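Now for the letters of each chain:
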Amino acid sequence: MLSLTTEIAIPNGNKYDQPTGLFINNEFVASGDGKTEAVYNPGNGELICFVHLASVDDIDRAVDAAEDAFFNRWSTISGKGKSEYLYKIADLIVKYSSQLADLEAIESGKPKDTNAIFDVLHSADVFRYYAGKAVTAQDGKTVETELSKFTYTVHEPYGVCAAIIAWNFPMSTFSWKVAACLAAGNTMVVKTSELTPLSALFMCKIFQEADLPAGVVNITCGTGAIAGSRLSEHKKVQKISFTGSTGVGKLIQESAAKSNLKYCTLECGGKSPLVILEDADLEQAVKWAAFGIFFNKGEICTASSRIYVQESIYDKFLTMYKDHVEEAYVQGDQFTPGVNVGPTVSKAQQEKILGFIESARKEGGRIISGGGIPTTTNPNGFYLQPTIVADCNQNMTVVKEEIFGPVVTVSKFTSDDEAIKLSNDSDYGLAAYLFTKDIQRSQNYIRKVQSGQVFVNFTFAADFRMPFGGYKMSGNGRELGDDGLKAFQQVKAVHINLAGKL
């Protein structure tokens, strides 16, 4: 049987004792049926280690542990007490930030120094932010109704919640869900991605060091078909938070409805437009447009993957954009200094993206940069060149579907109204980006674009103090900010008849 820990070697020379077991009731345990999953380094295709894979019975054990912890431990601790635990966790994330960044880099393909470390430190900020919120999380308000009544509200936790986290930002999506969930007063069962479970499993050691009460957070690695499905249908789970594809989000919402109508927060990706008006600072627009799609190898739900440029500056933009991307975005493995574009997360993802690029060629797109596998990287890794597809139209597959890789489409438009129409011509509505110096034109776009978030004159700037979520098929509900806390709470209205008379 696979042990519960194993030593793993990082290409930068570091070695760690890595947990590989399921984390249930504050202990690492083996999977009940003995199944395991291999985790690979996408930079060289080599095996990192095996981890235990949760069965239905394992999920049930984790849910039972979370339920016991909610009723007998976590709900008895004050908001101030919960806050202190979250502050401890935040401090420990910073303490172990280099190790966590090593793990996130080796499992997901993020360059450590230009990407992964920032995800880790962001996660510490999220825990610290919700630590501050935990103190007053259940505060409601009094409502003046009639002189003979005392009426007020109180915000209460759901109880046992579940989280299904994504492989593209394993630390960030973990912290967004867990920190808000605990601050609101709930307990949680987490299912990691099979591709990127290592940083979440190391977080279990942090929970132990922080003396977090047993069962408050339980971490499982498992498949969506078994572990994810069981969590979404489990009647003891009162709320589920999911980050992933629209197709899986639909299945989760359907399963939640058929079981106990559990509340769902679903973040299901995007196909975000980036509009550049003729009055924009073109040099800055070029830099931000590149960062918005090629940071994190394009594996970003809010990636600015559809660029629309006003016709009068279209050709100039393409020349500047191509030159900037080829100069500024350096490919290589996750641990080479200066690299800012690592490998895609898996062989399957690499092949899927190559299929999108081929469809762009067949459907009339003009590839002006990239378009294939680089020749300068490890041939056993899962690399893809940053790819720019010009002269695109709305009927092309690469314009309509989320690619989730370093591929961007560029199209032209003439008027502001056309730019808004093109932006909204999508099933998704997670983010939208606009570049202009004209405040009136920006306000017109902001109010008319169908998107949960709008960014003007910069890209990919999610802030833990602001709500994050989308319109249309990008999902429902919000994470981060006050709204992220409220998503893990239900409101109770209290009516007291002071006179006691009919």
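Structural notes, computed from the coordinates. (Residues numbered from 1 in each chain as written. Predicted model: local features only at pLDDT ≥ 70, side-chain atom pairs only at ≥ 80, totals over all residues. Heavy atoms only, no water.)

## A few points about the pattern of salt bridges
Counted according to the given criterion, the structure contains 26 salt bridges. Between Asp279 and Arg441 there is a salt bridge, and its shortest N-O distance comes to 3.8 Å. Taken as a pair, Asp279 in the loop between strand S14 (273–276) and helix H9 (282–294) and Arg441 in helix H14 (residues 439–448) lie far apart in primary sequence, 162 residues in all. Among the charged side chains, a salt-bridge network with shared partners connects Asp60, Arg230 and Glu233. (Salt bridge = Lys/Arg side-chain N within 4 Å of Asp/Glu carboxyl O. Helix = DSSP H or I, 4+ residues; strand = E, 2+ residues; numbered from the N terminus.)

## Some thoughts on the side chain of Lys262
Assignment of secondary structure puts Lys262 in the loop between helix H8 (246–259) and strand S13 (263–267). Although Lys262 lies buried, it forms no salt bridge, and the closest oppositely charged side chain, Glu233, sits 8.3 Å away as judged by the N-O distance. A polar contact of 3.0 Å, which involves the side chain of Lys262, links it to the backbone oxygen of His234. Within polar-contact distance, the side chain of Lys262 engages the side chain of Asn260 at 2.9 Å. In contact with Lys262, not counting residues within four places along its chain, are Leu231, Ser232, Glu233, His234, Val237, Gln238, Lys239, Ile240 and Ala256. (Buried < 20%, exposed > 50% of the residue type's maximum accessible area, 1.4 Å probe, protein only. Lys, Arg positive; Asp, Glu negative; His and termini not counted. Polar contact = N/O pair within 3.5 Å; in protein donor to acceptor, adjacent residues only side chain to side chain. Contact = heavy atoms within 4.5 Å.)

## Quick notes on the sheet that holds S14
Backbone hydrogen bonds hold the strands of a sheet together, and the pairing may be parallel or antiparallel. The strand order across the open sheet built from 7 strands is S16-S17-S18-S15-S14-S20-S21, with neighbouring strands paired in mixed fashion. With one partner strand each, in any of the chains shown, strand S16 (366–369) and strand S21 (454–456) form the two edges of the open sheet. Across the sheet, the mean angle separating the axes of adjacent strands is 25° when strand polarity is ignored. Pairing of S14 with strand S15 (residues 306–310) involves 4 bridges; the strand directions are parallel. (Pairing = 2+ DSSP bridges. Axes fitted to C-alpha atoms, helices over the stretch in contact; angles between N-to-C directions.)

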